Amino acid sequence: MKAMILNAFGGPESFELSEVPKPVPQAGQVLVRVHATSINPLDYQVRRGDYADLVPLPAITGHDVSGVVEAVGPGVTSFVPGDEVWYTPQIFDGPGSYAEYHVAAESIIGKKPPELSHLEAASLTLVGGTVWEALVVRVGLRVGESILVHGGAGGVGHVAIQVAKAMGARVFTTVREANFEFARSLGADVVIDYEKEDYVDAILQETDGHGVDVVFDTIGGNTLARSADALAQLGRVVSIVDIAQPQNLIEAWGKNASYHFVFTRQNRGKLDELSTLIARGQLRPHVGAVYSLADIGLAHALLESLNNGLRGKIAIAVEPQAHLVSVNA
């Protein structure tokens, strides 16, 4: 099979398209022909060596799969060849999704929502699972609460807006002015131009000084410290971003705030919950650009570049005829 191999940590040019043996499913495993995958910040962090101790080289990386079951190992009962499936491979535990075939444990695989193309499904597995764990499992967002989603036009942010809205929350988000209508189309109630407005001032004005109940940090920087100024009493902050430097959280202490840090875990349950929202018409991932397997390096370069103008996710068509969708680059 063809796969993109990472032979050395470095820039987007570090991948090499190679022929490698097709994996064979063992007991409890499923062999999937990968129709699509996608690109996440975690992918370029792995490529440049941020997790070098956890990724032995050479490696097949990648963290999203949408495809069709090719074969099953002994003991598998949930799937048969021909089933359309989606999942996130176990992170830092074996080969990833930048390949024509992938083997995974039956327990982490879900049935692909029929409403989505393979490109759309692959763009949602990791970010969707992350959002579900952050908003539902960790901070327990409730009906009638308010939430600020930092970076609402991004891969995680645009999903978070939709999930939060489906949960009955009032949604604030920070985006560029060019993405106002996009954010509103996802369900955002209040959009804030982070290039021209101070989001803390904007939120305090919109909430009569009360603040929001939850802040979802998808961008990092000084967000952990500054978001406390926009929090209501007993508010919660949830972040999916590494802490690059210590931050002063004295304002969070004054708000009796709680902080949660999420590195998503794989399981079928979260995928099934997302499938329910999709079937209800409450969630739809946005594919902002599509590349081929051979051009994964170019996709990495685009996502990693500042001010890239992307909305949603970059998807990778591993199987060229795999239910492609019209996208805006």
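Q: What is the right way to read the packing of aromatic side chains from this model?
A: To describe a pair of aromatic rings, one takes the distance between the centres and the angle between the planes. Evaluated as defined, the whole model comprises 3 aromatic pairs. Taken together, the aromatic side chains of Tyr51, Phe92 and Phe263 make up a single cluster linked through ring pairs. The ring centre of tyrosine 199 lies 5.3 Å from the NZ or CZ of arginine 226, which sits over that ring.

Q: Which parts of the structure should I look at to understand the nonpolar core?
A: Side chains of a nonpolar character, in soluble globular proteins, are inclined to be buried together. Of all hydrophobic cores here, the largest spans 74 residues; its most connected members are Tyr87, Leu135, Ile147, Val163 and Phe216. In contact with tyrosine 87, other than residues within four places in its own chain, are Val32, Asp64, Val65, His102, Ala104, Ile108, Ile109, Thr125 and Leu271. In terms of nonpolar packing, the next biggest core, distinct from the first, is built from 17 residues, Ala202, Val215, Ala228 and Leu231 among them.

Q: Please explain the packing of helix α1 (residues 41–48) against helix α10 (residues 296–304) as it appears in this structure.
A: Think of two packed helices as two axes; the pair is described by the angle between the axes and how far apart they sit. The N-to-C vectors of α1 and α10 enclose an angle of 110 degrees; their axes lie 10 Å apart at closest approach. Comparing the axis directions of α1 and α10 gives the class roughly perpendicular. Packed against α1, whose contacting residues are Pro41, Asp43, Tyr44, Arg47 and Arg48, the element α10 presents His300, Leu303 and Glu304 at the interface. Considering only residue class, the contact of α1 with α10 consists of 3 nonpolar, 1 polar and 4 charged.

Q: How should I be thinking about the pattern of salt bridges in this particular structure?
A: Proximity of charged atoms lets side chains of opposite charge pair with each other. This model, assessed by the stated rule, comprises 17 salt bridges. For aspartate 50, the salt bridge identified is with arginine 48, shortest N-O distance 3.0 Å. Residue classification places aspartate 50 among the partly exposed residues on the basis of a relative accessible area of 40%. The exposure class assigned to arginine 48 is partly exposed, which follows from its relative accessible area of 39%. Across the pair glutamate 84 and lysine 112 runs a salt bridge whose closest N-O atoms are separated by 3.5 Å. With glutamate 84 in strand β5 (residues 84–87) and lysine 112 in the loop between β7 (110–111) and α2 (118–122), this residue pair connects regions lying 28 residues apart in the sequence. For glutamate 84, a relative accessible area of 29% corresponds to the partly exposed category. The network of salt bridges with common partners includes Arg47, Arg48, Asp50 and Glu304.

Q: Looking at this model, I keep getting lost on helix α3 (residues 125–138). Mind explaining?
A: In an α-helix there are 3.6 residues to a turn, and that puts residues three or four apart on one side. Along its 14 residues, α3 runs 18 Å from first to last C-alpha, staying within 8% of the 20 Å computed at 1.5 Å per residue. In terms of burial, α3 is a largely internal element, 11 of the 14 residues being buried. For α3, the set of buried residues is Thr125, Leu126, Val127, Gly128, Gly129, Thr130, Val131, Trp132, Glu133, Ala134 and Leu135.

Q: Please clarify how the sheet that holds strand β12 (residues 231–239) should be interpreted in this entry.
A: An order of β10-β9-β8-β11-β12-β13 is seen for the 6 strands of this open sheet, with the pairing classed as parallel. This sheet does not close on itself; its edge strands, each paired only once, are β10 (190–193) and β13 (258–261). With strand direction ignored, the average angle separating the axes of adjacent strands in the sheet is 20 degrees. Where strand β8 (residues 146–150) meets strand β11 (residues 212–217), 3 bridges bridge the pair, whose relative direction is parallel. Looking across to β11, one finds that isoleucine 147 is bridged to valine 214.

Rules and cut-offs
Residues numbered from 1 in each chain as written. Predicted model: local features only at pLDDT ≥ 70, side-chain atom pairs only at ≥ 80, totals over all residues. Heavy atoms only, no water. Phe/Tyr/Trp six-rings, centres within 6.5 Å; stacked < 30°, edge-to-face > 60°. Lys NZ or Arg CZ within 6 Å of the ring centre and 35° of its normal. Core = buried A, V, L, I, M, F, W, Y, C linked by side-chain atoms within 4.5 Å. Buried < 20%, exposed > 50% of the residue type's maximum accessible area, 1.4 Å probe, protein only. Contact = heavy atoms within 4.5 Å. Axes fitted to C-alpha atoms, helices over the stretch in contact; angles between N-to-C directions. Helix = DSSP H or I, 4+ residues; strand = E, 2+ residues; numbered from the N terminus. Parallel < 35°, antiparallel > 145°, perpendicular 65-115°, else oblique. Nonpolar A, V, L, I, M, F, W, Y, C, P; charged D, E, K, R; others polar. Salt bridge = Lys/Arg side-chain N within 4 Å of Asp/Glu carboxyl O. Expected span 1.5 Å × (residues − 1). Pairing = 2+ DSSP bridges.

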